[in-house]
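Residue-level structure breakdown
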Amino acid sequence: MTEQNIPYKIYLSENEIPKQWYNVRADMKQKPAPLANPATGEPLGFEELRPVFCDELIKQELDNDTAYIDIPQEIQDFYKMYRPAPLVRAYCLEKALDTPAKIYYKFEGNNTSGSHKLNSAIVQAYYAKQQGLKGVTTETGAGQWGTALSMACAYLGLDCRVYMVKVSYEQKPFRREVMRTYGASVVASPSMETEIGRKINAEHPGTTGSLGCAISEAVEVAVSNPGYRYVLGSVLNQVLLHQSVIGLEAKAALDKYGVTPDIIIGCAGGGSNLGGLISPFMGEKLRGEKDYRFIAVEPASCPSLTRGVFAYDFCDTGMICPLAKMYTLGSNFIPSANHAGGLRYHGMSPVVSQLYHDGYMEAVSVEQTAVFEAATKFARVEGILPAPESSHAIKAAIDEAMKCKETGEAKTILFGLTGTGYFDLVAYEKFNNKQMVDYIPTDEELQASFAKLPKF
Ligand SMILES: *Cc1c(COP(=O)(O)O)cnc(C)c1O
């Protein structure tokens, strides 16, 4: 097959949507460390996790050995509403950059939630329903995960309660109203409805909340209401497993044309899209079959991989969630209020953290003005208005393509375009008005946060 034959968009057919997820842990020699009890530091097993998570999802969370896990038919059918997601050859971007590099991106923004998060939301809601539960609770920041979960719960007839970081609840009404339209109840966090919310409000009057607070509230409500469990949109092993559909589809599409990427790039918040995109390729690398360069891209204002420490840390502010061993900036770390690019979580998926720690992947951090410059360049030639989060990957892909221009190498670059930016126009407005500033935390700030890490 010659280069010219590759279309702008490589679509798979409906029956080429994966029927199994791929679990990269099965091929990892160093497995990710297990979740641990926040009081004792001891690993948590199935029984101990049952009050918080759905049974089947705990099994997936703990399964480090099964390489392929069947996707239930009902989830396959749901996936057909918005998958397969297109794999796009970025001919227009290549031309604009005048680079010999060949650039591909996997676009996950073709659904109402506007991101890849629906891939896992439907799975988590499905297993909650299977278990006969009444509903699920969760947190959301800007609202992408909450929106995806609301859609999945509406489809399956489950109650959905979302704790939304207060500043977003008040300043970003659009996703809040999408969630309510899909039947979710959305509560500004910290609220006065929970013990932990009342405590945080008393200690920090007027606080505008954080993801860590909202997680604590959602977990408290799940464990204290019969028939409810807590679900999480990133970080966990199970979420990376579900997101492997991204990588499996991307690989199937590239395989059709005999294309092998040299470099695979994803933005990294909690690590789920990146983990999902790279999974099948990483499996080949781990098994010694092929080699790839993998690059995680994070914001310079929330640099967990590039400047964090690899340690057990709290996943939430209230310290009631299990501990995870991950690259972390400390659970007290809150990125600067000026940061508009998303990817604000203080930690990183244990799977991604372990792979990075073991040298299987690289990480870079990028400043937000450069991210929005890349987003704008991309939008103008490729047509899609990218989410700020996704634009971190665009920025790194453009950087790699420009290196090819210098060296004359025609490398093949694949990156994940996780979603659309229609609800992020306040951030674009700041950029367009040249009011966007870059903020990089100092070493002293990070050290102060590391000092509060749990010690076991
Ligand atoms: C949530 C989100 C991310 C970051 O989450 P990961 O778990 O790191 O993938 C990236 N892009 C978009 C559009 C998102 O909504």
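Check the entry above for the structure.
One structure accompanies this document, and this report is about it. (Residues numbered from 1 in each chain as written. Predicted model: local features only at pLDDT ≥ 70, side-chain atom pairs only at ≥ 80, totals over all residues. Heavy atoms only, no water.)

**Observations regarding the overall build of the chain**
Tallying secondary structure elements over the chain gives 18 helices and 15 strands in all. Against the compact-globule benchmark of 23 Å for 456 residues, the chain has a radius of gyration of 21 Å, which places it among compact chains. For the chain, buried positions account for 62% of its 456 residues. Restricting to contacts in the chain with at least 6 residues of sequence separation, those with at least 24 account for 77%. Here the chain displays about 17400 Å² of accessible surface, and carbon together with sulfur accounts for 51% of that area. Across the chain, the mean location of the 44 positive side-chain charges is 3 Å away from that of the 52 negative side-chain charges. (Helix = DSSP H or I, 4+ residues; strand = E, 2+ residues; numbered from the N terminus. Rg over C-alpha atoms; globule rule 2.2 N^0.38 Å. Buried < 20%, exposed > 50% of the residue type's maximum accessible area, 1.4 Å probe, protein only. Contact = heavy atoms within 4.5 Å. Areas by Shrake-Rupley, 256 points an atom, 1.4 Å probe, with all protein chains shown as cover. Lys, Arg positive; Asp, Glu negative; His and termini not counted. Charge placed at Lys NZ, Arg CZ, Asp CG, Glu CD.)

**Details of the sheet that holds strand S4 (residues 87-89)**
Spatially, 7 strands are ordered S1-S4-S5-S15-S10-S11-S14 in an open sheet, and the strand pairing comes out mixed. Both outer strands of the open sheet, strand S1 (9-10) and strand S14 (362-366), are each paired with one neighbouring strand and no more. Sheet topology places S4 next to strand S5 (residues 102-107); 3 bridges connect them, and they run antiparallel. Within S5, the position partnered with Arg89 by the bridge is Tyr104. (Pairing = 2+ DSSP bridges.)

**A word on the site of the ligand**
The local shell around the ligand holds 17 residues, among which Lys117, Ser234, Ser272, Asn273 and Thr418 are the closest. Note that an oxygen atom of the ligand is positioned 2.9 Å from one of the backbone N or O atoms of Gly271. Between the ligand and Thr418 there is a distance of 2.7 Å, counted from a nitrogen atom to a side-chain nitrogen or oxygen. Within the complex, 94% of the 380 Å² of free accessible area of the ligand lies under protein. Broken down by class, the residue content of the shell around the ligand amounts to 4 nonpolar, 11 polar and 2 charged. (Near = heavy atom within 4 Å. Polar contact = N/O pair within 3.5 Å; in protein donor to acceptor, adjacent residues only side chain to side chain. Nonpolar A, V, L, I, M, F, W, Y, C, P; charged D, E, K, R; others polar.)

**Focus on the pattern of salt bridges**
Scanning the model with the defined rule gives 24 salt bridges in all. Of the charged contacts, one joins Glu177 and Arg176 as a salt bridge, the two residues approaching to 3.0 Å between their closest N and O atoms. Relative accessible area serves as the criterion here: at 18%, Arg176 is assigned to the buried category. The closest approach of N and O atoms between Glu400 and Lys403, which form a salt bridge, is 3.0 Å. Highlighted residues: Glu400 and Lys403, both in helix H16 (residues 388-407), separated by 3 residues, approximately one helical turn. Residue classification places Lys403 among the partly exposed positions, given a relative accessible area of 44%. A network of salt bridges, in which partner residues are shared, links Arg83, Lys106, Glu108 and Glu249. (Salt bridge = Lys/Arg side-chain N within 4 Å of Asp/Glu carboxyl O.)

**Observations regarding the sheet that holds strand S6 (residues 135-140)**
Pairing in this open sheet of 4 strands is parallel, and the strands run S8-S7-S6-S9 from one edge to the other. The open sheet is flanked by strand S8 (185-189) and strand S9 (228-230), the only strands paired with a single partner. Here the strands of the sheet are splayed against their neighbours by 25° on average, with no regard to which way each runs. Here strand S7 (residues 159-165) runs beside S8; their pairing, made up of 5 bridges, is parallel. Its bridge partner lying in S8, Val162 is registered against Val186. Docked against the sheet, helix H10 (residues 211-224) engages S6, S7, S8 and S9, running at close to 170° with respect to S6. (Axes fitted to C-alpha atoms, helices over the stretch in contact; angles between N-to-C directions.)

**Side note on the packing of helix H15 (residues 368-382) against helix H17 (residues 425-432)**
What describes two packed helices is the angle between their axes and the distance between those same axes. Between H15 and H17, the shortest axis-to-axis distance is 11 Å and the interhelical angle comes to 100°. The orientation of H15 with respect to H17, classified from their angle, is roughly perpendicular. Where H15 abuts H17, its residues Thr369, Phe372, Glu373, Ala375 and Thr376 lie against Ala427, Tyr428 and Phe431. Of the residues in the contact of H15 with H17, the class split is 5 nonpolar, 2 polar and 1 charged. (Parallel < 35°, antiparallel > 145°, perpendicular 65-115°, else oblique.)

**What about the packing of helix H9 (residues 195-203) against H10?**
Their axes nearest at 8 Å, the elements H9 and H10 cross at an angle of 150°. Viewed along their axes, H9 and H10 adopt a mutual orientation that is roughly antiparallel. The segment H9 lies against H10, with Glu195, Ile196, Gly197 and Ile200 engaging Cys213, Ser216, Glu217 and Glu220. By residue class, the composition of the contact of H9 with H10 is 3 nonpolar, 2 polar and 3 charged.

**Notes on the nonpolar core**
In this structure, Trp21, Tyr79, Met361 and Leu414 are the most contacted members of the largest nonpolar core, which totals 73 residues. Excluding anything up to four places from it in sequence, Met361 contacts Leu274, Ile278, Met282, Phe294, Ala296, Val352, Leu355 and Tyr356. Counting residues in hydrophobic clusters, the runner-up holds 29 residues, among them Leu93, Ala101, Ile103 and Val371. (Core = buried A, V, L, I, M, F, W, Y, C linked by side-chain atoms within 4.5 Å.)

**Digging into empty space enclosed by the protein**
Evaluated as defined, the whole model comprises 3 cavities of 30 Å³ or more. Each pocket or cavity is described by its volume, and for the largest cavity that value is around 100 Å³. Lining the largest cavity are 13 residues; nearest its centre among them are Leu35, Phe53, Leu232, Leu236 and Cys315. A breakdown of the residues in the lining of the largest cavity according to their chemical character gives 12 nonpolar, no polar and 1 charged. (1 Å grid on protein atoms, 1.4 Å probe; cavity = no way out; pocket = protein on both sides within 12 Å on 5 of 7 lines; lining within 4 Å. Points joined across faces, edges and corners; volume = space filled by probe spheres on them.)

**Examining the packing of aromatic side chains**
Taken as a whole and judged by the stated rule, the model has 17 aromatic pairs. When the centroid spacing of 5.2 Å and the interplanar angle of 75° are considered together, the rings of Tyr126 and Tyr127 count as edge-to-face. As far as the burial class goes, Tyr126 and Tyr127 line up, both buried. Residues Tyr292 and Phe294 carry aromatic rings whose centres are separated by 5.8 Å and whose planes lie at 50° to one another, so their mutual orientation is tilted. (Phe/Tyr/Trp six-rings, centres within 6.5 Å; stacked < 30°, edge-to-face > 60°.)

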